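# Coordinate analysis (summary)
The primary structure of each chain is shown beneath.
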Amino acid sequence: MVRSGEDKITEVEIVRPAAPHAIRLIAVTSLAHFVNDGVIFFVPVIGDLLSQQDHTSPVVVTAMLTVFYVVSAGVGLGVGLVSDALGRRGAMIALGIAALAVSLFAFYLALSLHGTESDVFVIAAAVVAGFGSAFYHPLGASVLQLNFADASRGRALGINGAFGSLGRTVYPALFFVVAALGITKVDTTAVFGGLSLLAAAGIAYGLRASVTGERTGRVAKVVPSARSGDPEAPGSGAVSTNDPAGVPAPAERQTLRGLLNRSMAALMVIAFFRSLAFIGIVSWVPIYLTTQRHAGVSGTLGVTVTVMYAGGIIGQPVFGLLADRFDKRLVLAVDSLGSAAGVFAFLGTSGHGAGALLSLALFGFFTFASFPLLLSLVADYVPRERSTTGNALVWGVGSTGGQALGPVAASLLMLGSYSHLGLAFGVLGGLAAATVLGTPLLAKTPRRARMALFG
C-alpha cells in the first residue's frame, strides 16, 4: 500500500511522538551505567579477596572470572533480541542491575564459607553476575542511539560512558573506605549488594516507559521517504540510510543474519580481540599488584586500581567527541595503539609509585573508551529498529566474548605462576595493538554536520 507518492506503509512499533529531555535521559542512564560498571569491575577485586584465602586456588579464581564473562557473552544476544521485540529497555536495565545486586550477596556467602561450599557459591555468584552484566551496555546504548541524532551520538555515548568509568573508579576505593569504618571486607560486599538493589528500584522508576518513550505495540505507520524529512531524526522509527554499500535489503535486514554485513562482522572481531587483551590484563591487575608489586589487599591497592579506572572518566567523553568529528576507524585504531602503549609503559615501571600510577592512568584513558567508539559505529551499520540487537552482537558477543577468554588467556600465559603475569600482560598488549589491522575492513561512515548535544 502506497500513500502520497513515495511515502509507504509498513508495520513498525508505536513510538511516542516526543523524546524525553536529553539531560534527564542521560542522567538516569548514566546512573545505571555507574552502578552497572561499578559492580562489574568490582568482581576482579572479589577475585583478589578470594586469592588471599588459603582454601581458594588460582583455578577457582580463573573459573570464576571465565564463567562470569562466558555467561555475559551468552546472554547478551538474547537480551538484544528480546529488547528489540518488546521495547522494554528501561525495565530490562533495572532487571540487570538487580541481578548484579543478588550476585554480590552470593559472593558474600562465598567469602563467608570454606571448602567446597565456598567454591560452589563462587561459581553461582559468577553465573548471576554474568547474567546481570549482559543487560546495560546494549540497552543503555540503544536508548541513547534512538534519542540522539548522528552528529551528537558519540558525545552522548561518551558522557554516559564516563559515568560507567566513574563507577569502576569509585567502587574499589569505596570498598576499602567502607571496610575501614569497622565493617569487615566480607560484610562490605553485602553492603554494596543492598545499595545496588536500591539503585535498581530507582532506575526502574527513572527509566519507566513514560520517560524513555518505550515501544509498546505494533501497528501500520507511515514512514516518510528521505526527501520528506530526516530519516535519522530521533524517534522517527525509520531505517537508517547510512549503511555501507552491500548491506542487505530492508526485508532481509529484519533477520539476525541480515545484520552481519562486512563492517559488522569486522567490528565484532575487532571488539573480540580488543576485549580479550584488555580484560585479560584488567582482571589480573589487582592480583599482579598484590603478588608482584607488594601492594597488599589494602587502601594502596584500591587507590592504584582506582587510578587505572579513572582514566576512562576523561577518555570516554574525549573519544566520543572525536568519533563525532573524525573518521571513526582512525579514532578506533589510535585508541587500540594507545592502550597497548599504556600497558608497556606500566611494565617498564616498578612497585606502585608515581610512574606505575601514571602509566595505569594512560592505559585506562584509552582502554575504557570502547563504549562510545564501538557502539557509535554500530549505529552506522545497522537499522535503527534493530539497534539493541546490533549492540548485543558487537558488545555482547564480540566484546564480552573476548572478555570471557581474557582471564583464561592470561592464566595460560602465566604458566600457573603469578610471577609470569608481567609476560602475559606484554603479550596481550601486543595483541591489542594488532587489532588496528582490522580497521580497514570497516566501511567509512559519512561525516555529520556539527550540532548541539542538548538541543
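Now for a description of the structure that goes with this document.

Reading the values: rules and limits
- Residues numbered from 1 in each chain as written.
- Predicted model: local features only at pLDDT ≥ 70, side-chain atom pairs only at ≥ 80, totals over all residues.
- Heavy atoms only, no water.
- Salt bridge = Lys/Arg side-chain N within 4 Å of Asp/Glu carboxyl O.
- Helix = DSSP H or I, 4+ residues; strand = E, 2+ residues; numbered from the N terminus.
- Buried < 20%, exposed > 50% of the residue type's maximum accessible area, 1.4 Å probe, protein only.
- 1 Å grid on protein atoms, 1.4 Å probe; cavity = no way out; pocket = protein on both sides within 12 Å on 5 of 7 lines; lining within 4 Å.
- Points joined across faces, edges and corners; volume = space filled by probe spheres on them.
- Nonpolar A, V, L, I, M, F, W, Y, C, P; charged D, E, K, R; others polar.
- Contact = heavy atoms within 4.5 Å.

## Brief notes about the pattern of salt bridges
- Under the criterion given, the structure shown has four salt bridges.
- Linking R155 and D324 is a salt bridge whose minimum nitrogen-to-oxygen distance equals 3.1 Å. Here R155, found in helix α7 (residues 150-180), pairs with D324, found in helix α13 (residues 299-325); they are 169 residues apart in sequence, far enough to count as distant. Residues R155 and D324 agree in their burial class; the two are buried.
- We note a salt bridge from D380 to K328, for which the minimum N-O separation is 2.5 Å.

## Things to note about empty space enclosed by the protein
- Applying the stated criterion across every chain, the model contains five cavities of 30 Å³ or more.
- Taken as a whole, the largest cavity encloses approximately 250 Å³ of empty space.
- F41, R168, I279, W395 and Q403 are the residues nearest the centre of the largest cavity, which is lined by 21 residues in total.
- Looking at the lining of the largest cavity element by element, the count peaks at four residues for helix α17 (residues 387-413).
- Residue composition of the lining of the largest cavity, by class: nine nonpolar, 10 polar and two charged.

## Things to note about the environment of G96
- Within the fold, G96 resides in helix α4 (residues 89-112).
- Here G96 falls in the buried class, since its relative accessible area comes to 1%.
- Measuring from C-alpha to C-alpha, the distance between G96 and A200 comes to 8.2 Å, with 104 residues separating the pair along the chain.
- Sequence-distant contacts of G96, that is, excluding residues within four places in its chain, are made with G132 and F135.

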